[in-house]
Amino acid sequence: MGLISQLLTLPLAPVRGTVWVLDQVVLAAERDHYDPGPVREQLAALERRLLSGEIDEDEFDRCEDALLDRLAECEAYQNRTDNG
């Protein structure tokens, strides 16, 4: 970019900076939301609750289905981001 272009677009620098910061915040939020680690921890905790007798098989199955769906969503997102 030439000197003239830089001088002419200088007033837009705060806007570009703000957009960059917002992009970084969105990326961080997406990484947190689609992190499979907490979902796996919830699955392990759910199994412990079943084994301790705190919940019955029906509740376990319902919760497990929801968590497995969430885990699949996380893994699909990671596959999309890894492949471009």
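Residues numbered from 1 in each chain as written. Predicted model: local features only at pLDDT ≥ 70, side-chain atom pairs only at ≥ 80, totals over all residues. Heavy atoms only, no water.

A. Region of interest: the overall build of the chain. Helices and strands together make up the secondary structure of the chain, namely four helices and zero strands. What you see in the chain, going N to C, is helices and strands ordered as α-α-α-α. In terms of C-alpha radius of gyration, the chain reaches 22 Å, well past the compact-globule figure of 12 Å for 84 residues. Contacts in the chain between residues at least 24 apart in sequence constitute 62% of all its contacts with a sequence separation of at least 6. When the accessible surface of the chain is split by element, carbon and sulfur atoms take 57% of a total near 6,600 Å². (Helix = DSSP H or I, 4+ residues; strand = E, 2+ residues; numbered from the N terminus. Rg over C-alpha atoms; globule rule 2.2 N^0.38 Å. Contact = heavy atoms within 4.5 Å. Areas by Shrake-Rupley, 256 points an atom, 1.4 Å probe, with all protein chains shown as cover.)

B. Main features of helix α4 (residues 57-82). Look at α4: 36 Å from first C-alpha to last across 26 residues, which is about the 38 Å you get at 1.5 Å a residue. Residues of α4 that are buried include every one of F60, L67, L71, C74 and Y77, and no others. On its buried side, α4 packs onto α2 (13-33) and α3 (36-52). (Expected span 1.5 Å × (residues − 1). Buried < 20%, exposed > 50% of the residue type's maximum accessible area, 1.4 Å probe, protein only.)

C. Representation of the nonpolar core within the structure. Counting residues in hydrophobic clusters, the biggest one holds nine residues: V39, L43, L46, L50, I55, F60, L67, L71 and C74. Contributions of two or more residues to this core are made by α3 and α4. (Core = buried A, V, L, I, M, F, W, Y, C linked by side-chain atoms within 4.5 Å.)

D. Representation of the confidence of the model for the chain in the model. Taken as a whole, the chain shows an average pLDDT of 91; of its residues, 98% reach a score of 70 or greater. Per-element confidence in the chain ranges from a low mean pLDDT of 77 for helix α1 (residues 3-9) to a high of 97 for α3. (pLDDT = per-residue confidence, 0-100.)

E. Highlighting the packing of aromatic side chains. Inspection of every chain in the model, using the stated rule, returns one aromatic pair. Here the aromatic rings of Y34 and Y77 are separated by 4.1 Å at their centres, their planes lie at 15°, and the arrangement is stacked. One end of the pair, Y34, is in the loop between α2 and α3; the other, Y77, is in helix α4, with 43 residues separating them in the sequence. On the basis of relative accessible area, Y34 is assigned to the buried category, the value being 19%. Y77 gets classed as buried once you look at its relative accessible area, which sits at 13%. (Phe/Tyr/Trp six-rings, centres within 6.5 Å; stacked < 30°, edge-to-face > 60°.)

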